[in-house]
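Fold and contact review
Next come the chains, spelled out residue by residue.
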Amino acid sequence: RQERWTLFARIMATLGALAFVAGVMFLTESNIYVNFALAAGLAVAAAVASSGLLGALAILQLSVALGSGTAYWHASYGLWVERPALSIAVLALVTLGLYLSSKRVGAAHERVAIIAARTAIMMVNAAFLVGTLFGDPMLKWPASVFIWGWAAVLAGIGVWGIWANRRWVVNMAAVFGALHFYTQWFENLGATPLTVIGGGALLIGFAFALRWFNLRVQHAKAGGT
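Here is what the cut-offs are and how they apply
Residues numbered from 1 in each chain as written. Predicted model: local features only at pLDDT ≥ 70, side-chain atom pairs only at ≥ 80, totals over all residues. Heavy atoms only, no water. Axes fitted to C-alpha atoms, helices over the stretch in contact; angles between N-to-C directions. Helix = DSSP H or I, 4+ residues; strand = E, 2+ residues; numbered from the N terminus. Parallel < 35°, antiparallel > 145°, perpendicular 65-115°, else oblique. Left-handed = near helix turned anticlockwise from the far one by under 90°. Contact = heavy atoms within 4.5 Å. Nonpolar A, V, L, I, M, F, W, Y, C, P; charged D, E, K, R; others polar. Salt bridge = Lys/Arg side-chain N within 4 Å of Asp/Glu carboxyl O. Phe/Tyr/Trp six-rings, centres within 6.5 Å; stacked < 30°, edge-to-face > 60°. Buried < 20%, exposed > 50% of the residue type's maximum accessible area, 1.4 Å probe, protein only.

Focus: the packing of helix H1 (residues 2-27) against helix H3 (residues 52-65)
Packing of H1 against H3 brings their axes to within 10 Å, and their N-to-C directions diverge by 15°. Between H1 and H3, the interaxial angle falls into the category roughly parallel. Every pair of crossing elements has a handedness; the one defined by H1 and H3 is right-handed. Taking contact as the criterion, the partners of Ala13, Thr14, Ala17, Leu18, Val21 and Met25 in H1 are, on H3, Leu53, Leu54, Leu57, Gln61 and Val64. When its residues are assigned to classes, the contact of H1 with H3 shows nine nonpolar, two polar and no charged.

Put into structure tokens, the structure is as follows:
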């Protein structure tokens, strides 16, 4: 019963944090300094409550402060990143800091740090995706910088994940690598019957390769135990 009440308390804390943050952002018209303060407050709340969800929300709020956001209109969803380069740099440093700190804290806080780090990785990839399509208007960087940079980062992270036996990292690199590839595939070749067929065939190959890696990791863990 104690565990059930703890789960209920975490749900209420998360809902309360969402309501509080949304209300403050509305009243302050999403002031950048207030957004940074809210991100810091969510991070502290995540550490105190040992809540991975609050940790993820802290990263998302930090992304908002850096100029990212989402939108919805009729049957459509949108994502924007106003400063792709800055978002990538800041969130990459945050990811590294969270990963290193996860090795020096207890099990409960380690989990929170890892969840927050993974959320930051997701937002880094989102910033790269926007950068490959529109570049960085603030720094006047062309899209090609992000196209080649994202490919190099994903390849490097994927190789490290295989070497370090980090299954989640490899899966993440594979998923966003495929997303990056197909974004450029259709941006440059267009959507025709041949490009769709070719893209589908390549995707099947990617899927089998990823399945092979996951099965290999499972067999290695089973052999180790």
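Re the environment of Gly78
Among the secondary structure elements, Gly78 is positioned in strand S2 (residues 76-81). Those residues within four positions of Gly78 in sequence are excluded, and the remaining contacts are Gly69, Thr70, Ala71 and Trp73.

Topic: the pattern of salt bridges
Any two side chains of opposite charge can pair, so long as their charged atoms come close to each other. In the structure shown here, the tally under the stated rule is one salt bridge. Glu82 is the salt-bridge partner of Arg83, the closest N and O atoms lying 3.8 Å from each other.

Remarks on the packing of aromatic side chains
Centre-to-centre distance and the angle between the planes together describe a pair of aromatic rings. Enumeration over the complete set of coordinates arrives at 11 aromatic pairs. Between Phe128 and Trp150, the ring centres sit 6.0 Å apart and the planes meet at 0°, which makes this aromatic pair stacked. Of this pair, Phe128 sits in helix H5 (residues 107-134) while Trp150 is found in helix H6 (residues 143-164), placing the two residues 22 residues apart along the sequence. For the pair formed by Phe128 and Trp150, the shared burial category is buried. Chaining the aromatic ring pairs together yields one cluster made of Phe181, Tyr182, Trp185, Phe186 and Phe206.

The values are spatial; any link to function lies outside them.
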